[in-house]
Amino acid sequence: MAEVLLKNISKSYDSQNFAVRDITFEVKEREFVVLVGPSGCGKSTILRMIAGLEDISSGDLFIDGQKVNKLPPKDRNIAMVFQNYALYPHMTVYDNMAFGLKLRKFSKEEIKKRVAEAAKILELEPYLERKPKALSGGQRQRVAVGRAIVRKPKVFLFDEPLSNLDAKMRVQMRTEISRLHRQLEATIIYVTHDQTEAMTMGNKIVVIKDGVINQIDTPLNLYNCPVNKFVAGFIGSPSMNFIEGKLIKNDCLRFRSNLGGLEIKINGDIKEKLKTYKKDNICIGIRPEEIFDSTPSKENSYAEKISVKLDVVEPMGNEIFLYFQIDEQQFVSRIPARTIPLTGSSKNLWIDTSKIHFFDIETEFTIT
């Protein structure tokens, strides 16, 4: 396996408008790195430049210490798994997996050995004589992964490989790809717009917006310490709640929303920093799980009570999502599924104010 290094990589199709700009990050040997962001943010373009399917406008790309900007895709020793499987419909599973090896003039014995090894890892042995039309979506995707495995490449590239699968199959394939990473000790770069995939699979996540990297970090740090409002809202499901208002700096530091529907005391480690914050206007972010419905213990002095009217109640099995409005803005709370409140009813909730995130309104950067 190999390391991959991108240094100030940019891609422009007309020398003015950039698909991606100044992309710099490192993928260490045996690391599983996920590129995540909304559709059209440039993550697939980055992957295609690594594969050699897109030219690099500026910057340098290194694979295993070798600069490969001008190196053809076939000479980079990289295997790519696409969203649409890209299987040959007239070939059997065996022939699909063996096709690349045949082109490279491997011996029949070596091809048979490699296909057998990959089929065993992916549990495809019973299907080797079938054609793709006789397989499920998940099985077809495993064949596409198997075709990559038999090449024994330095780096695996995955371009949204699970987006065509149903929800249950996506969960299963997430587990299989993660297991495969551990089993092969592979270097993997994985592209997705699904932040749940990113959080559950990656050792390191690169969050991209409008062709620019916003943050590179571990899943836990991205969730707990987002650098800006975009990352805070993109990572986490349901998304973080946001509301703008003013800091009231008197005897007790407080936040009051612009229309006065929310006023809370500010507690925790951020309190002293906000006392010296020069601006009065501010945006706060609250995770849905930090708005709870159980009466807080006496020790939890950071809990502030709010009374709301429930617009929508969504039972999710082991938890419930409660939707309500504050200052005409939609909020969501995530609570355990003890009893199901009625839509349209009033309910008391509590906010853990020590877990609130604070953002500069103009720059949208986190205030920490």
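Keep in mind the model is a prediction, meaning the values are calculated, not measured. Counting from 1, residues in each chain are numbered in the order their sequence is written. With the structure being a predicted model, the display of local features is reserved for residues of pLDDT at least 70 and the display and counting of side-chain atom pairs for 80 or more, all residues being used for whole-chain, interface and lining totals. Values reported for side chains reflect all heavy atoms of the structure, with hydrogen atoms and water molecules removed beforehand.

1. Digging into helix 4 (residues 137-149)
Under the convention used in this document: Helix and strand definitions here come from DSSP, where helices need a minimum of 4 consecutive H or I residues and strands a minimum of 2 consecutive E residues; each element is numbered from the N-terminal end. Every helix has an expected span of 1.5 Å times one less than the residues it contains. Buried, partly exposed and exposed residues are distinguished by accessible area as a fraction of the type maximum, computed with a 1.4 Å probe on protein chains only: under 20%, between the cut-offs, and over 50%, respectively. Contact between two residues is taken to exist if any of their heavy atoms lie within 4.5 Å; hydrogens are not considered.
With 13 residues, helix 4 should cover 18 Å at 1.5 Å per step; its first-to-last C-alpha distance of 18 Å lies within 8% of that length. In terms of burial, helix 4 is a largely internal element, eleven of the 13 residues being buried. When we look at burial in helix 4, the residues that qualify are Gly138, Gln139, Gln141, Arg142, Val143, Ala144, Val145, Gly146, Arg147, Ala148 and Ile149. As for helix 4, its buried residues are in contact with strand 6 (78-81), helix 2 (93-103), helix 3 (108-121), strand 7 (155-159) and helix 5 (167-184).

2. A closer look at the environment of Ala118
For Ala118, the position within the fold is in helix 3. Here Ala118 is in contact with Met97, Gly146, Ile149 and Val150, once residues within four sequence places are set aside.

3. Concerning the packing of aromatic side chains
Definition in use: Pairing of aromatic rings covers Phe, Tyr and Trp, the last counted by its six-membered ring, and requires centre-to-centre distances within 6.5 Å; plane angles under 30 degrees mean stacked, over 60 mean edge-to-face, and any other angle means tilted.
If you walk through the whole model with that rule in mind, you get six aromatic pairs. An angle of 25° between the planes, with centres 5.5 Å apart, marks the rings of Phe230 and Phe234 as stacked. Here Phe234 and Phe230 lie together in helix 8 (residues 229-234), a separation of four residues that amounts to about one turn. An aromatic cluster is built from Phe32, Phe158 and Tyr190, whose rings are joined through pairwise contacts.

4. Quick look at the packing of helix 4 against helix 5
Geometry of a packed helix pair, given as the angle between the helix axes and the separation of the axes. Selection rule: Fitted lines through C-alpha atoms give the axes, limited to the stretch in contact for helices. The angle between two N-to-C directions lies from 0 to 180 degrees. Just so you know how the angles are binned, under 35 degrees is roughly parallel, over 145 roughly antiparallel, 65 to 115 roughly perpendicular, and the rest oblique. Each crossing is labelled by how the near helix is turned from the far one, with a counterclockwise turn of less than a right angle marking it left-handed and a clockwise turn marking it right-handed. Classification convention: Asp, Glu, Lys, Arg as charged; Ala, Val, Leu, Ile, Met, Phe, Trp, Tyr, Cys, Pro as nonpolar; all other residues, Gly among them, as polar.
Contact geometry for helix 4 and helix 5: axes closest at 11 Å, N-to-C directions at 20°. Of the possible angle classes, the one that applies to helix 4 and helix 5 is roughly parallel. Viewed along their axes, helix 4 and helix 5 form a crossing whose handedness is right-handed. Residue-level inspection shows Gly138, Gln141, Arg142, Val145 and Ile149 of helix 4 in contact with helix 5, the latter providing Met169, Gln172, Met173, Glu176, Leu180 and Leu184. By residue class, the composition of the contact of helix 4 with helix 5 is six nonpolar, three polar and two charged.

5. Observations concerning the confidence of the model for the chain
If pLDDT is low for a region, its predicted coordinates should not be looked at in detail. Formally: Per-residue confidence from the predictor is reported as pLDDT, a score between 0 and 100.
A residue-level look at the chain finds 99% of positions with pLDDT of 70 or above and a mean pLDDT of 92. Averaged over each element, pLDDT in the chain is lowest for helix 9 (residues 271-275) (82) and highest for strand 10 (residues 212-217) (98).

6. Comments concerning the sheet that holds strand 18 (residues 329-336)
Filter applied, for reference: Any two strands between which DSSP finds at least two bridges are classified as paired.
Spatial ordering of the open sheet is given by 15-19-16-17-18, a layout of five strands whose pairing is antiparallel. A single partner strand is all that each edge strand has here, and the edge strands are strand 15 (291-292) and strand 18. Where strand 17 (residues 319-326) meets strand 18, eight bridges bridge the pair, whose relative direction is antiparallel. Pairing of Ile326 across the sheet is with Gln329, part of strand 18.

7. As for the pattern of salt bridges
Cut-off, in case you're wondering: Salt bridges are counted wherever a side-chain nitrogen of Lys or Arg sits within 4 Å of a carboxyl oxygen of Asp or Glu.
Within the structure shown, the criterion is met by 21 salt bridges. Residue Asp360 is joined to Lys279 by a salt bridge in which the shortest nitrogen-to-oxygen separation is 2.8 Å. Highlighted residues: Asp360 in the segment after strand 20 (357-359) and Lys279 in the loop between helix 9 and strand 14 (281-286), separated in sequence by 81 residues. Taking the relative accessible area as the measure of exposure, Lys279 reaches 32% and is therefore partly exposed. What you see here is one network of salt bridges that share partners, running through Arg254, Arg256, Glu263 and Glu304.

8. Focus on the sheet that holds strand 12 (residues 254-257)
Strand order in this open sheet of five strands is 13-12-11-14-20, and the pairing throughout is antiparallel. The outermost strands of the open sheet, each flanked by one partner alone, are strand 13 (263-265) and strand 20. For this sheet, the mean angle separating the axes of adjacent strands, direction not counted, is 35°. Across three bridges, strand 12 lies against strand 13 in antiparallel orientation.

9. Overview of the pairing of strand 12
Regular strands have side chains that alternate between both faces of the sheet. Only one face of strand 12 is covered, namely the face carrying Phe255 and Ser257; the face carrying Arg254 and Arg256 is uncovered. Here strand 12 folds back onto strand 13, and the loop between the two strands holds five residues, one of which, Gly260, carries a positive phi near 80°.

10. A look at the side chain of Lys43
As a reminder, the rule being used: Lys and Arg are tallied as positive, Asp and Glu as negative. Neither His nor the chain termini are counted.
Inspection of the secondary structure assignment puts Lys43 in helix 1 (residues 43-51). Here Lys43 occupies a buried position and makes no salt bridge, while the nearest side chain of opposite charge, Glu160, is found at 4.1 Å. In contact with Lys43, not counting residues within four places along its chain, are Leu35, Val36, Gly37, Pro38, Glu160, Val191, Thr192, His193 and Ile208.

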